[in-house]
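A look at the structure
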Amino acid sequence: NAGVMQNPRHLVRRRGQEARLRCSPMKGHSHVYWYRQLPEEGLKFMVYLQKENIIDESGMPKERFSAEFPKEGPSILRIQQVVRGDSAAYFCASSPGRGEVEQYFGPGTRLTVT
Amino acid sequence: SQQGEEDPQALSIQEGENATMNCSYKTSINNLQWYRQNSGRGLVHLILIRSNEREKHSGRLRVTLDTSKKSSSLLITASRAADTASYFCATDARGAQKLVFGQGTRLTINP
């Protein structure tokens with residue numbers, strides 16, 4: 001059973017470009033979470049999605065950031081018009097739901113904005 | 001904020017010694033989990049303890065939870081060089097699925 005997959009692993013964007021980060025949850029998992037980690041810090045929650053629904057986006061910046069988890073395909077975290085402060089590691093986690101609280105993390109995407 | 005705080009921020013011990021890390025949080029929780037992160041890598045789930053549990057073991061790991069003090073500790077016995085990593089506690093509140101992470105403890109095991 002493959003774990004949570006994220007791609008790309010490393011992404012370099014210039015200021016003003018768009019960044020698209022992809023996450024494929026573990027097989028059988030229908031809940032996806034996105035977290036951001038700045039250097040030397042813990043992870044900060046961004047958004048929680050189930051298939052075709054955003055359940056909790058309380059950690060998402062109000063502008064430039066969006067997330068989706070379509071019926072088919074991976075979850076996408078999209079950052080428009082990136083700025084240097086967006087440079088961070090972005091982690092995706094998944095869980096099966098149904099009362100299971102353990103979240104399984106992917107390897108992360110390291111975004112560098114130049 | 002439910003932000004957890006780990007203590008100490010950094011810990012360096014000799015191989016074979018025991019390592020203890022502490023975590024405090026601010027609001028009522030449903031569960032508390034500990035994760036390990038090797039440098040530049042993703043998080044590995046270590047152990048989950050529910051709010052109605054006081055102690056849990058898994059191999060060389062021992063976790064305690066004191067809800068009256070809103071604190072938890074992670075003990076790694078007979079440490080190995082491969083245990084070198086950052087360790088994070090994460091809590092989730094009733095009715096909320098998101099995890100709130102602490103700042104982490106950077107553990108270094110010296111051979």
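Read on for an overview of the structure. The structure displayed is predicted, hence computed values, not measured ones.

**So, the packing of aromatic side chains**
Note on aromatic pairs: each is described by the distance of the centres and the angle between the planes. Following the criterion strictly, the structure yields eight aromatic pairs over all chains and no others. Judged by centre distance (5.7 Å) and plane angle (50°), the ring pair of B:Tyr35 and B:Phe101 falls under tilted. Highlighted residues: B:Tyr35 in strand β4 (residues 31–37) and B:Phe101 in strand β10 (residues 100–101), separated in sequence by 66 residues. Aromatic rings pair up to connect A:Tyr35, A:Phe45, A:Phe105, B:Tyr35, B:Phe88 and B:Phe101 into one cluster.

**Some words on the interface of chain A and chain B**
On the chain B side, the residues contacting the 20 residues of chain A number 20 residues. For the pair chain A and chain B, the summed buried surface comes to about 1600 Å²; carbon and sulfur atoms form 51% of the total. For the chain A face of the interface with chain B, the top three residues by lost area are A:Leu43, A:Val101 and A:Phe105, together amounting to 29%. Run the count over chain A and chain B and you get six residue pairs in polar contact (both at pLDDT 80 or more). Take the side of chain A that touches chain B: its biggest share by element is four residues, from strand β5 (residues 43–50) of chain A. Of the residues belonging to the side of chain A that touches chain B, the class tally is nine nonpolar, five polar and six charged.

**Some thoughts on the pairing of strand β3 (residues 19–24) of chain A**
Residues and elements named next belong to chain A. The alternating pattern of β3 places Ala19, Leu21 and Cys23 on a buried face and Arg20, Arg22 and Ser24 on a face that is not buried. Of the pairings in the sheet, the one linking strand β1 (residues 5–7) to β3 comprises three bridges and is antiparallel in character. Counterpart to glutamine 6 in the pairing with β3 is cysteine 23. Where β3 lies against strand β8 (residues 75–79), five bridges are found, and the strand directions are antiparallel.

**Brief notes about the state of the cysteines**
For the coordinates displayed, the defined rule picks out two disulfides over all chains. One disulfide bridge connects A:Cys23 with A:Cys92, the sulfur atoms lying 1.7 Å from each other. Because the sign of the S-S torsion sets the handedness, a value of about -50° for the bond joining A:Cys23 and A:Cys92 places this disulfide among the left-handed ones. Placement of the pair is A:Cys23 in strand β3 and A:Cys92 in strand β9 (residues 88–95), with a sequence separation of 69 residues. Each of the two residues, A:Cys23 as well as A:Cys92, counts as buried. Paired through a disulfide, B:Cys23 and B:Cys89 show a sulfur-sulfur distance of 2.0 Å. Linking B:Cys23 and B:Cys89, the disulfide has an S-S dihedral of approximately 65° and is accordingly described as right-handed. Of this pair, B:Cys23 sits in strand β3 (residues 19–24) while B:Cys89 sits in strand β9 (residues 85–92); the two residues are 66 residues apart in sequence, bridging distant segments of the chain. The same class applies to B:Cys23 and to B:Cys89, which are both buried.

**Observations regarding the pattern of salt bridges**
When the charged atoms of two side chains with opposite charge come close together, those side chains can pair. All names here are of chain A. According to the stated counting rule, one finds seven salt bridges over all chains in the structure shown. Notably, a salt bridge pairs arginine 64 with aspartate 86, separated by 2.7 Å at the nearest N-O pair. With arginine 64 in the loop between β6 (53–56) and β7 (65–68) and aspartate 86 in the loop between β8 and β9, this pair connects stretches of sequence that are 22 residues apart. Its relative accessible area of 2% is what places aspartate 86 among the buried residues.

**Quick word on the sheet that holds β3(A)**
The strands making up a sheet are joined through hydrogen bonds of the backbone, oriented either antiparallel or parallel. Residues and elements named next belong to chain A. Sheet architecture is open: four strands sit in the order β1-β3-β8-β7, paired in antiparallel fashion. Each edge of the open sheet carries a strand with a single partner, namely β1 and β7. Along the sheet, successive strands turn relative to each other by an average axial angle of 15°, direction set aside.

**Describing the layout of surface pockets**
Each pocket or cavity is described by its volume, and for the largest pocket that value is around 480 Å³. Forming the boundary of the largest pocket are 26 residues, of which A:Gln37, A:Glu40, B:Gln37, B:Ser39 and B:Gly40 lie nearest the centre. Of all elements in the fold, only β9 and β11 (109–113) of chain A together with β9 and β11 (105–110) of chain B reach the threshold of two or more residues within the lining of the largest pocket. In terms of residues, the lining of the largest pocket owes the most to one element, β11(B), which gives four residues. Here the residues of the lining of the largest pocket are counted per class, giving eight nonpolar, 13 polar and five charged.

Procedures and definitions
- Residues numbered from 1 in each chain as written.
- Chains lettered and ligands numbered in written order.
- Predicted model: local features only at pLDDT ≥ 70, side-chain atom pairs only at ≥ 80, totals over all residues.
- Heavy atoms only, no water.
- Phe/Tyr/Trp six-rings, centres within 6.5 Å; stacked < 30°, edge-to-face > 60°.
- Helix = DSSP H or I, 4+ residues; strand = E, 2+ residues; numbered from the N terminus.
- Contact = heavy atoms within 4.5 Å.
- Buried area = accessible area lost by both parts, 1.4 Å probe.
- Polar contact = N/O pair within 3.5 Å; in protein donor to acceptor, adjacent residues only side chain to side chain.
- Nonpolar A, V, L, I, M, F, W, Y, C, P; charged D, E, K, R; others polar.
- Buried < 20%, exposed > 50% of the residue type's maximum accessible area, 1.4 Å probe, protein only.
- Pairing = 2+ DSSP bridges.
- Disulfide = S-S within 2.5 Å.
- Salt bridge = Lys/Arg side-chain N within 4 Å of Asp/Glu carboxyl O.
- Axes fitted to C-alpha atoms, helices over the stretch in contact; angles between N-to-C directions.
- 1 Å grid on protein atoms, 1.4 Å probe; cavity = no way out; pocket = protein on both sides within 12 Å on 5 of 7 lines; lining within 4 Å.
- Points joined across faces, edges and corners; volume = space filled by probe spheres on them.

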